[in-house]
Amino acid sequence: MLYHHFLSHFFDYYFVFSYNKNIAEIGGSLGAIFPTLKNVATKQPNFYMTFYSCTNLTKGPDMRAVRIIGEASCQEMFSTCSNLQETVDMPNLTMVEYRGCYKMYLKDYKLQVVHDYPSLVKIQEEGGYYMFSNCTTLVNAPSMPNLMTVQKNGCAGMYSGCKALKNVPHLTAQTILQNGYYQMFNGCTALETAPSILATEITEPNALQEMYQGCSALKFIEVYFTEWNENVPTLNWTKSVPVNTNYVFSAPCTLPDKRNNGSDYSYIPQKWKFVCFSQDCTDVEATLEENEPICEDPKNGE
């Protein structure tokens, strides 16, 4: 059944089509009608669980003009739509507010096409919380090339349980608050190359906690931060990753070669090669057994 331009008649779509087994496709341009999706409290559109468990839905409405997703306005909007194959396209989205995309595509088992978010700059608290969790057919994660800020729990569990996930673009955010990337790739058992974490300083507690936990195929991690902060933002981030002397951890030469031990998985995986990079020195390698400085720091005259 095809619904055309139904959005012009309502201002709150809370649960309105949930569990409807007859909806296969949604017509009309949601973004053209409501370019800014606010929440119920402001008397603006709220699509909380609107299509929850619509198990025959294969494609959602046109959301290309949407600029801001307000508090909880798309929370669980397509959650458990087990035949949904493609996410809605939102190229003009600049910000996701509190719980805006919370579990938006949770357990959409046939999801394969995920559109990029080229204009997204900020994800607020729990904005993308478990957004694609357990989408077990998802291979390619969306690109967010201009994302600069991830607030508390902003991307927590975003791809947790995505067992087919293999390709993830660079993580560009420079500000990552507490639990911002918590369990972001937990249980992504096909992921071999982790996305480069481009933040040059990460200080918030647990910002990357358990980020790669259970990534049993992981072979490469690259970061751009230059110290292991005392707040331990990387708490147990590499728990259950493989131990192999051929696998590579890449980081700036100023990052200390600090390794995991038997009960703490908050640093570099045991026996991985440390390949460092800098504008001032050549890439070199070291193994755990060498236990030597990775790269001399020209600024200190060494």
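Residues numbered from 1 in each chain as written. Predicted model: local features only at pLDDT ≥ 70, side-chain atom pairs only at ≥ 80, totals over all residues. Heavy atoms only, no water.

## Digging into unusual backbone geometry
Selection rule: Numbering goes from the N terminus for both helices and strands, where a helix is a DSSP run of H or I of at least four residues and a strand is a run of E of at least two. Exposure is judged per residue with a 1.4 Å probe applied to protein chains only, and the accessible area is read against the type maximum: over 50% gives exposed, under 20% gives buried, and values in between give partly exposed.
Phi at Met49 is positive, roughly 55°, even though this residue is not glycine. Topologically, Met49 is positioned in the loop between strand 3 (36-37) and strand 4 (68-69). Under the relative-accessibility criterion, Met49 is labelled buried at 8%. Phi angles above zero are rare outside glycine, and Asn153 is one such case at about 60°.

## A word on the state of the cysteines
Selection rule: Criterion for a disulfide: a pair of cysteine sulfur atoms at a distance within 2.5 Å.
Under the definition given, this model contains one disulfide. Between the sulfur of Cys253 and that of Cys276 lies a disulfide, 2.3 Å long from S to S. Taking the sign of the S-S torsion, 75° for the link of Cys253 and Cys276, the bridge is right-handed. One end of the pair, Cys253, is in the loop between strand 10 (248-252) and strand 11 (273-277); the other, Cys276, is in strand 11, and 23 residues separate them in sequence.

## Observations regarding the environment of Pro233
As for its position among the elements, Pro233 is in the loop between strand 9 (220-222) and strand 10. Under the relative-accessibility criterion, Pro233 is labelled buried at 4%. Spatially, the C-alpha atoms of Pro233 and Gly180 are 9.7 Å apart, while their sequence positions differ by 53 residues.

## What to know about the pattern of salt bridges
Cut-off, in case you're wondering: Only one rule defines a salt bridge in this text: a Lys or Arg side-chain nitrogen within 4 Å of an Asp or Glu carboxyl oxygen.
Following the criterion strictly, the structure yields three salt bridges and no others. Between Asp62 and Arg64 there is a salt bridge whose closest N-O contact spans 2.8 Å. Residue class for Asp62 comes out partly exposed when judged on its relative accessible area of 24%. Accessibility expressed as a relative area gives 47% for Arg64, which makes it partly exposed.

In short, shape yes, function no, at least from these values alone.
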